[in-house]
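Below are the chains, spelled out letter by letter.
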Amino acid sequence: MYSFPVLFILIVTSICEGQHEKICNVFPKDQNIEVGSDARIVCQSSCVQGKIFWTLNNIPIDERLSNTINSSYTLLSLKNFTRHSATLQCHSTDTQQVLGGTTIRTYSKPSKISCILHYEAYSVEGKIARPKMNVTAFSDHLLVEWTSLSKNCEVKYNKNILKSEHCRTNITEVESCTNYKISVRCALDNAPWSDWSQEKTILTKLNKNNVKLHLWRKIAEPEKNGVRKVHAMWTEIPSTCQGTFTHTIIQIPSQEHMRGVNDTVTCGNSTCEVDVSQDTHRLNLTVFHNNALLAKDSIYVPAIGESLPQVTDMQTSTLEGVILVSWKAPVQSVNGYMIDWTHNGNQYYWKESKYTNITLFDLLHKKPYNITVTPLFDDKTGHGTQALHICSTVGDPGNVTIIDVQTKDKSALVSWNMSQEACSGVVVNYMIFYGTPNGPQFNVTVDRTKQEISLKDLSPETEYSVCVEAIALTGTTKSKERFFNTKKFEFILSLIDPMLIKALSVCGSIIIVLVLSVGLCCTIQWKKFREKPVPNPSLSSVALWLSASHQKRTSPFQQFNEPSESLCERVYMEDTQRTSTPSLATDYDPLNPASDQREEYADPAIIPVTDVQNKEPIESVETLYQSPGESTALLSSDNTPLNPYRSQSSVEITSTNKQCKRLLPEKQQEKTAPVTVYITLDMFEQGQGR
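As a convention, each chain's residues are numbered from 1 in the sequence order in which they are written. Totals for whole chains, interfaces and linings use every residue, but because this is a predicted model, local features are given only for residues with pLDDT of at least 70 and side-chain atom pairs only at 80 or more, for both listing and counting. The basis for the side-chain values is all heavy atoms of the structure; hydrogens and waters are excluded.

## Regarding unusual backbone geometry
Now for step 1: A cis amide bond links Phe27 with the next residue in sequence, Pro28, at an omega value of 5°.
Now for step 2: Only DSSP runs of H or I reaching four residues or more are called helices, and only runs of E reaching two or more are called strands; each is numbered from the N terminus. Examined against the element boundaries, Pro28 turns out to sit in the loop between strand S1 (24-27) and strand S2 (31-34).
Now for step 3: Even without a glycine there, the phi angle at Asp30 is positive, about 50°.
Now for step 4: For Asp30, the position within the fold is in the loop between S1 and S2.
Now for step 5: In this structure, Cys177 takes a positive phi of about 55° despite not being glycine.
Now for step 6: On the secondary structure map, Cys177 appears in the loop between strand S14 (168-171) and strand S15 (179-186).

The structure is reproduced here in structure tokens:
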């Protein structure tokens, strides 16, 4: 650290001397420096004109390391010099003459060297020998004693220093069952300190006054029989404390009828499981040290459904690995608050506070904590208010995994999933990186609601790589890179639009449904048509139809105009356009003069008709037809082997008592011709449709 000022003095001295002499030289000579330190060398070039340059082991040095002070002096700075030995020379640029040189050597300081000196008397400088020390441990302090020629001494214990003007001192601010390292040094007036005495390690004893149990409990939900499990916990006595320790918990119910019924449970060093009923209880913890009472504490366990106050408006926040908790105090006056927290439900931490806020430190990284705040009163506790799953720190998003890649000739469908981890960052969006191994890389971004993407405009039969990166406000997570090959280009498939295929599929489905519906309707109508009854022509017969005026008076037949009759059951009349409707006479009434006006009809196949030119009256015989129940004769013909109709020849019934002859006027006979009438009486088989 003093090399540069010394070098500066040498430069100034050389400048003063050089004003009278023109010499060339390099200084300082033969330096020994530590490995890794800096070296500075000056070249005096008063004997030559022009610039100079440096060489290290005959190798030119960069000019930027050289700094010209004036026309006669140049300073070279070498930083972090690590060569074991090197020769440094100064040269003239014009003449290449060596103006001077020096040698630089390096050394390393030795390590792990210790030196123990024993002083029995004064040294030459007045430094005294280090003191001899003895330490005794008590329950509440440490006694340190030593021997020295001076009373001006210092006592060091666990990085703390205590001054003393005597040869003994007490260390009172010590913790129970803790190891302390102690040493002493002394000095005469205006003299250097002696070396520290030999260090001693001593274990402090258990201080009864320092034992604080801080008993607390966590109550589980009641079982079907009303029994509740209470997890009692307290501050553990350090394991370094010597002796035997016994922990017991006594249950004391508050009901009068339960007084005197106390259950005693022997517990471990810091926790205990106790079963209590649904009533109010008090748990008393007692700790014995070597069968002597050391400390005791108690805690209140409320009954099921007991009305107790609790805190409200509980707020939590996370900042740089710590959790900030705040709440609103109940209306009732409280003595304090008990805050407990856990990350796994088995290991609990708790702390008492007088304020309505607390900061939780020393939390595990990326762990969700359940925090409960319970108000404390004189002899009771209130109900706890809980905040669940509060993360100490929020890390990167969960792991991203590409699960499938469906390839085509010019596109690929990439899908992935996201694992949800505790206290991981919320994904804002995904960024997909893809490209060929030796080509450009592309990327596309999708929002967090999507976990698949179609990569388009790819080259057929080409290898691509793809990876997905999840982006959150707290960091990013990237999936493993996956490779895939696009398929061979197919011209026909490339012309078919997937949306067109979907539209054609929907339309085809609709057409198929319509065709099936129409076919089903046609089938039902055809079945009904096939089952409709068809008239049987073999059950038809022939009769003569009466006129309308005669039907009103004497017709014994019902008109065939009933609404229930079908077209097949109506009367078919031949040549109705040529003549008026005839009527059928069944009886002759001589007393009725109107009967003279009746027209007489007869079947021309049976009754011969007189020639109209002779203008003779036509005599007709009244014909009666059988009912459907009567026997009928089939009409046979020479030309027709089988005729399905009934015989159309009328069955003549001639009355012996009365001759039913009806005469028409001569003019009427000329104009009227006999008409043959076919009447269907019963066209259906008997019993059909009935």
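## A few points about the sheet that holds strand S11 (residues 142-147)
Now for step 1: DSSP-based pairing: two strands are paired if at least 2 bridges between them are found. The strand order across the open sheet built from three strands is S10-S11-S14, with neighbouring strands paired in antiparallel fashion. Of all strands in the sheet, those with a lone pairing partner are strand S10 (132-137) and S14, marking the two edges. Here the average twist between neighbouring strands, direction ignored, is 20°.
Now for step 2: The pairing of S10 with S11 spans six bridges and is classified as antiparallel. Across the sheet, the residue bridging to Lys132 is Thr147, located in S11. Whenever a helix is involved, its axis is fitted only over the stretch in contact; in every case the axis is a line through C-alpha atoms, and angles between N-to-C directions fall within 0 to 180 degrees.

## Focus on the sheet that holds strand S32 (residues 412-418)
Within a sheet, each strand pairs with its neighbour through backbone hydrogen bonds, oriented either parallel or antiparallel.
Now for step 1: An order of S31-S32-S35 is seen for the three strands of this open sheet, with the pairing classed as antiparallel. For this open sheet the edge positions go to strand S31 (400-407) and strand S35 (452-455), each flanked by a neighbour on one side alone. For this sheet the average axis-to-axis angle between neighbouring strands, irrespective of direction, equals 20°.
Now for step 2: Note that S32 and S35 share four bridges and pair antiparallel. Opposite Val414, over in S35, you have Ile453 as the bridge partner.

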